[in-house]
Amino acid sequence: MIGDIRETKECQLKDPMDLFHSGQVVKICAPMVRYSKLAFRTLVRKYGCDLCYTPMIVAADFVRSAKARDSEFTTNKGDHPLIVQFAAKEAQVLCDAARIICPFADGIDLNCGCPQRWAISEGYGACLINKPELVKDMVRHVRNQIDNPKFSVSIKIRIHEDLNRTVDLCQKAEAAGVSWITVHGRSIEERHQPVHYDAIKVIKQSMSIPIVANGDIKTLKDAENVHHLTEADGVMVARGLLANPAMFAGYEETPFQCIQDWVDIALEHGTPFTCFHHHLMYMMERITSKQEKKIFNVLSSTSAVLDYLNDHYGV
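Residues numbered from 1 in each chain as written. Predicted model: local features only at pLDDT ≥ 70, side-chain atom pairs only at ≥ 80, totals over all residues. Heavy atoms only, no water.

**Notes on unusual backbone geometry**
The omega torsion across H80 and P81 is -5°, close enough to zero to call that bond cis. Note on placement: P81 falls in the loop between α5 (66–72) and β4 (82–87). Positive phi, normally seen in glycine, also occurs at R34, with a value near 70°. Turning to its location among the elements, R34 is positioned in the loop between β1 (26–29) and α3 (38–46). With a phi angle near 65°, E231 is a residue other than glycine that sits in the positive phi range. With respect to the helices and strands, E231 occurs in the loop between α11 (220–230) and β9 (234–237). (Helix = DSSP H or I, 4+ residues; strand = E, 2+ residues; numbered from the N terminus.)

Next comes the structure, spelled out in structure tokens:
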């Protein structure tokens, strides 16, 4: 990581807010545990992704341990604009993490949306939507302690059953200086229920900062529809990009060139086999038969995967 960081110091950090002022819908790769790492961010940036997030990092671990910093965060010159997402429950800990990351990334995001039981029991993630004063305090602290005015501070939330509470949370965060808010249009309890795009629209109409819509966006057409339904300034995609990293470039399914690009990038970055293989399983889900999946999904080495791709697809 240190080599990567030195390289980044020489590169020009970007102001993510410039994207929101461009007049175009901002196309964003979501924070995904294990998946939205440097190699995958490099791939989606090749195919029209404007802004990328890291996987969620627990701020307290990041501040405390150099080992955690090295394993959780890598970047390079081309990896911008980049948002580092943190799980935090104390303002000063979030500030300390932001201060460490500030020279190497373009902003931080506070996770107020993760519904996993472990996160909520630790006081992280979606339980923060019920603590608007704490969220406001955390945003304000980072704003006050980071000198770079272009360094963004955003939050990612889920919605309440009572939407007035969500609007109140967003307005408090806005008053504290939040740069933008990403809204996943489901409540903490909802998993696969339809996304409440109407709720995102209400939030958008209640705010003067950019709002990003998140939830069930699988194609570029979906992204356009969601923008139309919500009037959001950006769209954030998770599983849709895993299945098709080229979706923002308008491809309906993963093109073979994108698979070739993934192989090249993953090998160049030394991506661990499991991650390399899982990404390919997602990318090839729609373009392989059941029989092919049975064979491909149990391959157990990089060389076996490369041979299979070469023999079957000329990749």
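**A closer look at the UniProt feature "binding site: FMN" (unreviewed entry) in the protein chain**
Residues given the UniProt feature "binding site: FMN" (unreviewed entry) here are P31, M32, V33, Q85, H184, A238 and R239. As for the annotated residues, the ones lining the largest pocket are P31, M32, V33, Q85, H184, A238 and R239. By the secondary structure assignment, P31 is in the loop between β1 and α3. Here P31 falls in the buried class, since its relative accessible area comes to 18%. Excluding its chain neighbours within four sequence positions, the residues that come into contact with P31 are S36, Y53, T54, P55, M56, Q85, K156 and M236. Within the secondary structure, M32 is located in the loop between β1 and α3. What makes M32 buried here is its relative accessible area of 7%. Beyond its immediate sequence surroundings of up to four residues, M32 is in contact with F40, T54, P55, A238, R239 and L242. (UniProt positions renumbered as here; feature names shortened; annotations may be inferred. 1 Å grid on protein atoms, 1.4 Å probe; cavity = no way out; pocket = protein on both sides within 12 Å on 5 of 7 lines; lining within 4 Å. Buried < 20%, exposed > 50% of the residue type's maximum accessible area, 1.4 Å probe, protein only. Contact = heavy atoms within 4.5 Å.)

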